[in-house]
Amino acid sequence: MSIDLTPLGAADQAADAAARAARDAGLVIAEVDDIATLTRAAHLMDVVWSNTDQPPLISPSTLKALAHSGGYVAVASLDDEIVGALVGFLGLLDGTLQLHSHILGVSPAVQGRSIGFALKQHQRAWALAREIGTITWTFDALVRRNAFFNVSKLGASITAYHKNFYGEMADAVNAGDESDRVFVQWDLASPTVTELSRRNGLEPDLDVLRKEGAVVVLVAGDDAEPLEVEQPSGETLLIQVPDDIVGLREREPARARAWRLALRGALGGALADGYVARSMSRSGWYVLSRKER
């Protein structure tokens, strides 16, 4: 059965996918704008990002302003308890209206229950209902689990690399490292994104890619150190990231720093040369291909 990907058809499909994702996770997901709920959402973000002893990552008053001015502020509730929140604001991408997704948080007590996925499907439906076809955001490309979620579960594409994007960050997750970020673009009505909205991710076959000539640019060595193997060249590149960069920052900050610099050179260089990352394996391999012209 074919899928209608006209704006109206895409919006209807997204609404159905969002409702299904929330139902499967046992959630109620809704936009919010009352200050009491926004205060709880802001506190959840600080808990998720281990920031409770610092100024808030995003204040309730800022959330109120975003919600009041037409931005996206939603929470996921499980048995009347807020267990997730997602925030975005409107902006322009190449002169076209977009939603920039600023921060997503899911309570550590309920992670692994597809709450983040359900929130992102709700956000996708919200945007398409307003004829917004693209959502963008940034994330730390060294964090493997986030990379797999963004690229292989949601279908977003990594298109740019930004060195030390936010400057110094004080929360426990990011402290002690530069805040390099990759920029991702989520094309909401694309066939890939539509398909992934109703299935559990799409993982690349690395063996097949290697046989077809994919070039390994960066790999983890026997002691989990970064090894730069080849310069970016060819149609397909493979770039690996470590298993747990957050733990590595705590245990071996020098090695974590080495990974930051290695990935900046490998992934940042490839993206600057016209590659795009559209796939990611659970074992930490980005798959990059030449940008379509």
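Relevant structure appears above.
A brief report on the enclosed structure follows.

The rules we used
Residues numbered from 1 in each chain as written. Predicted model: local features only at pLDDT ≥ 70, side-chain atom pairs only at ≥ 80, totals over all residues. Heavy atoms only, no water. Axes fitted to C-alpha atoms, helices over the stretch in contact; angles between N-to-C directions. Helix = DSSP H or I, 4+ residues; strand = E, 2+ residues; numbered from the N terminus. Parallel < 35°, antiparallel > 145°, perpendicular 65-115°, else oblique. Left-handed = near helix turned anticlockwise from the far one by under 90°. Contact = heavy atoms within 4.5 Å. Nonpolar A, V, L, I, M, F, W, Y, C, P; charged D, E, K, R; others polar. Patch = residues over 30% accessible without salt bridge, like charges linked within 9 Å, V, L, I, M, F, W, Y side chains within 5 Å. Areas by Shrake-Rupley, 256 points an atom, 1.4 Å probe, with all protein chains shown as cover. Salt bridge = Lys/Arg side-chain N within 4 Å of Asp/Glu carboxyl O. Buried < 20%, exposed > 50% of the residue type's maximum accessible area, 1.4 Å probe, protein only. 1 Å grid on protein atoms, 1.4 Å probe; cavity = no way out; pocket = protein on both sides within 12 Å on 5 of 7 lines; lining within 4 Å. Points joined across faces, edges and corners; volume = space filled by probe spheres on them. Expected span 1.5 Å × (residues − 1). Bend = angle between axes of the 7 residues up to and from the residue. Phe/Tyr/Trp six-rings, centres within 6.5 Å; stacked < 30°, edge-to-face > 60°. Lys NZ or Arg CZ within 6 Å of the ring centre and 35° of its normal.

1. Examining the packing of helix H2 (residues 35-48) against helix H3 (residues 60-68)
Working note: a packed helix pair is described by the angle between its axes plus the distance between those axes. It is at 8 Å that the axes of H2 and H3 come closest, and there the two elements cross at 120°. On the basis of the axis angle, H2 is oblique to H3. As H2 packs across H3, the resulting crossing turns out to be right-handed. Within the contact between the two elements, H2 uses Ile 35, Leu 38, Thr 39, Ala 41 and Ala 42 and H3 uses Pro 60, Ser 61, Leu 63 and Lys 64. Looking at the contact of H2 with H3, its residues break down into 6 nonpolar, 2 polar and 1 charged.

2. Comments concerning a nonpolar patch on the surface
There is a patch of nonpolar side chains on the surface, built from Leu 90, Leu 92 and Leu 97 and spanning about 290 Å² of accessible area. Along the polypeptide, Leu 92 turns up in strand S3 (residues 81-93).

3. A look at the environment of Asp 177
Positionally, Asp 177 belongs in the loop between strand S6 (157-162) and strand S7 (181-187). Residue class for Asp 177 comes out buried when judged on its relative accessible area of 13%. Sequence separation between Asp 177 and Gly 167 is 10 residues; the distance between their C-alpha atoms is 9.6 Å. If we skip the residues at most four places from it in the chain, Asp 177 touches Leu 142, Arg 249 and Arg 260.

4. Some details on the layout of surface pockets
Volume-wise, the largest pocket comes out at about 1300 Å³. What lines the largest pocket is a set of 41 residues, and nearest its centre among them are Trp 49, Leu 104, Gly 105, Asn 146 and Phe 149. For the lining of the largest pocket, the elements supplying multiple residues, two or more each, are strand S4 (96-106), helix H4 (115-129), strand S5 (134-139) and helix H5 (144-153). Each residue belonging to the lining of the largest pocket can be placed in one class, and the counts come to 20 nonpolar, 13 polar and 8 charged. Taken as a whole, the second largest pocket holds about 420 Å³ of empty space. In this structure, the second largest pocket is lined by 20 residues; those nearest its centre are Gly 155, Ser 157, Asp 187, Thr 192 and Arg 278. Looking at the lining of the second largest pocket, the elements with two or more residues in it are H5, S6, S7, helix H6 (191-196) and strand S11 (275-280). If you tally residues by element for the lining of the second largest pocket, the top one is H6, at 4 residues. Residue composition of the lining of the second largest pocket, by class: 7 nonpolar, 8 polar and 5 charged.

5. Observations concerning helix H9 (residues 253-272)
When the terminal C-alpha atoms of H9 are compared, their 27 Å separation across 20 residues agrees well with the 28 Å that a helix rising 1.5 Å per residue should span. At Leu 263, H9 shows its maximal bend, which comes to roughly 25°. Those residues of H9 that fall on the buried side of the exposure criterion are Ala 256, Trp 259, Arg 260, Ala 262, Leu 263, Arg 264, Ala 266, Leu 267, Gly 268, Ala 270 and Leu 271. Of the residues flanking the end of H9, it is Gly 274, one or two places downstream, whose phi is positive at about 105°.

6. Considering the packing of aromatic side chains
Here the structure, examined in full by the defined rule, presents 3 aromatic pairs. Centre to centre, the rings of Tyr 72 and Trp 126 are 5.3 Å apart; their planes meet at 70°, and the pair counts as edge-to-face. Highlighted residues: Tyr 72 in strand S2 (residues 72-78) and Trp 126 in helix H4, separated in sequence by 54 residues. Each of the two residues, Tyr 72 as well as Trp 126, counts as buried. Directly above the ring of Trp 137 sits Lys 120, whose terminal nitrogen or CZ lies 3.7 Å from the centroid. The lysine or arginine in question, Lys 153, covers the ring of Phe 117, its NZ or CZ lying 5.5 Å from the ring centre.

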